[in-house]
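# Architecture at a glance
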Amino acid sequence: MRISYNWLKTFIKELPDAIKTGELLTEIGLEVEETHTTGIESERLKGLQVGRVVSCVQHPQADRLKCTQIDDGSGLLKSVVCGAPNVREGQWVVLAPVGCQLQSASGEVLKIKKSKIRGEISEGMLCAEDEIGIGTSHEGIIVLQSPELKAGMAFLDTLTTESDTVYEIGITPNRGDALSHYGVARDLAAAWSIRQNLPIPVRGFYPFNQLTPSQTLELNCNITAKESCFQFQYAILNGIHNTTSPKWLVNQLQSIGIKSINTLVDITNFLMHEWGQPLHVYDFNSIQGAELKVRMAQNNEAFIALDGNTYSLNTNHLVIADAQNVLALGGIIGGKLSAVTEKTTAVVLECAVFHPQVIRKASKQLSLYTEASYRFERGVNPHLSMQVMQQALQMIIELTGARLSQDIQSNIIKTTPPSH
């Protein structure tokens, strides 16, 4: 289980530094097995500036060098000799001025001095990724692109990715509550409160806006597997533009090793890792009939999953189906037939609580293990599901331009699932 230090800080303002936090996690039984540093270390980038290449001409004494004039915002152009094959007039570049100290990706330190290169004065250096430690590329200098760039501004101000510490935590089977940043934050706050002898608050949900449904699209739900499904909540949204996620959401997921897919999927992944509650979205237009069925599968019933494999199900497997097909293997994985794509304009958002033993048994029988099954088989918090649902609706509306078509339909069979 990967936990981001920066993500934890959104829950606890009074969190100790990353090293102390890691030690505290192990002390309270959430053993840190590995620690990774991600993102960009700001210290190594201090002194670097944004510059604009005003002119770029061939070096008179060297075929592979160029003589450039760089606007660094000081009012006086700087002469910089550059050997990068991609340097061009008009580019925005990263300038290491005289006096700046660089640390490369390999750890090598270089102090920039005014010098003569083959007889031409050079007052700085135009940087490649590996020369400043933010990547491994040495094919050419970094070329910046943004309408907000200004000559002389700090290169750090152009970056949105901050450094982070990520903990690999070993989670025992009885600690389903620790499979989210919120769950880990609660444990940390309790322990840190005792050590500081002060109450340490933990952030809750962000405020919800009141949503007014348009009721243009509707579905009913029929739950026959009541011993396997304790809660099943759903809502319908339309007018969706399912495009690329905003940078903050992409960065948040990348910090714990999750690749961005599209806005809808990214939102469900984000909320699962934030609160521990898996969510699922179905393409509304792929659903046959006007009803979702939460039932046990039939013997030898076929299901094509999102992983592209076809599974033969039996009566031990919980499914969500429409009038004709199985749409999802409950608590484990969605189906190919109802998958959302960039063309999706309307979705059914599902937030459910399933029986841990049913999910564990199905996952083991099918050798199918997912982030959702990992949580459901250990038990999710049934008291958070409605709030997670509301948070998901709000994020989808804000980030995709969606409208609420059918308000949250809540089917609660049991409020407290049995011990597992």
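This text goes with the structure placed above it.
Residues numbered from 1 in each chain as written. Predicted model: local features only at pLDDT ≥ 70, side-chain atom pairs only at ≥ 80, totals over all residues. Heavy atoms only, no water.

## Quick look at helix 7 (residues 356–366)
- Taken together, the buried positions of helix 7 are occupied by Pro 356, Val 358, Ile 359, Ala 362, Ser 363 and Leu 366. Take helix 7 and look down its axis: the buried residues cluster within an arc of 165 degrees, on one side only.
- Against strand 15 (229–238), strand 19 (310–313), strand 20 (318–321), strand 21 (326–329), strand 23 (346–354) and helix 8 (371–376) lie the buried residues of helix 7.
- One or two residues past the end of helix 7 sits Ser 367, with phi positive at roughly 50 degrees. (Buried < 20%, exposed > 50% of the residue type's maximum accessible area, 1.4 Å probe, protein only. Helix = DSSP H or I, 4+ residues; strand = E, 2+ residues; numbered from the N terminus. Arc of directions from axis to C-beta. Contact = heavy atoms within 4.5 Å.)

## Observations regarding the packing of helix 5 (residues 247–254) against helix 6 (residues 263–275)
- At their nearest, the axes of helix 5 and helix 6 sit 10 Å apart, and the two run at 50 degrees to each other. It follows that helix 5 is oblique to helix 6 by the angle criterion. For helix 5 against helix 6, the interelement crossing comes out left-handed. Contact residues: Trp 248, Leu 249, Gln 252 and Leu 253 in helix 5; Asp 266, Ile 267, Asn 269 and Phe 270 in helix 6.
- A per-class count over the contact of helix 5 with helix 6 returns five nonpolar, two polar and one charged. (Axes fitted to C-alpha atoms, helices over the stretch in contact; angles between N-to-C directions. Parallel < 35°, antiparallel > 145°, perpendicular 65-115°, else oblique. Left-handed = near helix turned anticlockwise from the far one by under 90°. Nonpolar A, V, L, I, M, F, W, Y, C, P; charged D, E, K, R; others polar.)

## Digging into the pairing of strand 13 (residues 164–169)
- Judged by how many residues are buried, strand 13 sits mostly within the fold: six of six residues are covered.
- The alternating pattern of strand 13 places Asp 164, Val 166 and Glu 168 and Thr 165, Tyr 167 and Ile 169 on opposite faces, both of which are buried.
- Pairing between strand 1 (residues 2–4) and strand 13: three bridges, direction antiparallel. Residue pairing for strand 13: Ser 4 is matched across the bridge by Val 166. (Pairing = 2+ DSSP bridges.)

## With respect to the pairing of strand 17 (residues 291–296)
- By the bridge criterion, four bridges tie strand 14 (residues 220–223) to strand 17 in an arrangement that is parallel. Bridge assignment links Cys 221 to a residue of strand 17, and that residue is Leu 292.
- Two strands pair when backbone bridges link them, and strand 17 and strand 20 are joined in this way by four bridges, in the antiparallel orientation. Opposite Lys 293, over in strand 20, you have Ala 321 as the bridge partner.

## Things to note about the pattern of salt bridges
- Evaluated as defined, the whole model comprises nine salt bridges.
- Across the pair Glu 27 and Arg 195 runs a salt bridge, and its minimum N-O distance is 2.8 Å. Of this pair, Glu 27 sits in helix 2 (residues 18–27) while Arg 195 sits in helix 4 (residues 181–196), placing them 168 residues apart in sequence.
- In this structure, Arg 375 engages Glu 371 in a salt bridge whose closest nitrogen and oxygen atoms are separated by 2.8 Å. Residue Arg 375 and its partner Glu 371 are located together in helix 8, separated by four residues, close to a single helical turn.
- By relative accessible area, Arg 375 is classed as buried at 1%.
- With a relative accessible area of 40%, Glu 371 lands in the partly exposed category.
- Through salt bridges with shared partners, a single network forms among Arg 175, Asp 177 and Asp 187. (Salt bridge = Lys/Arg side-chain N within 4 Å of Asp/Glu carboxyl O.)

Remember, this is a structural readout, not a statement about activity or role.
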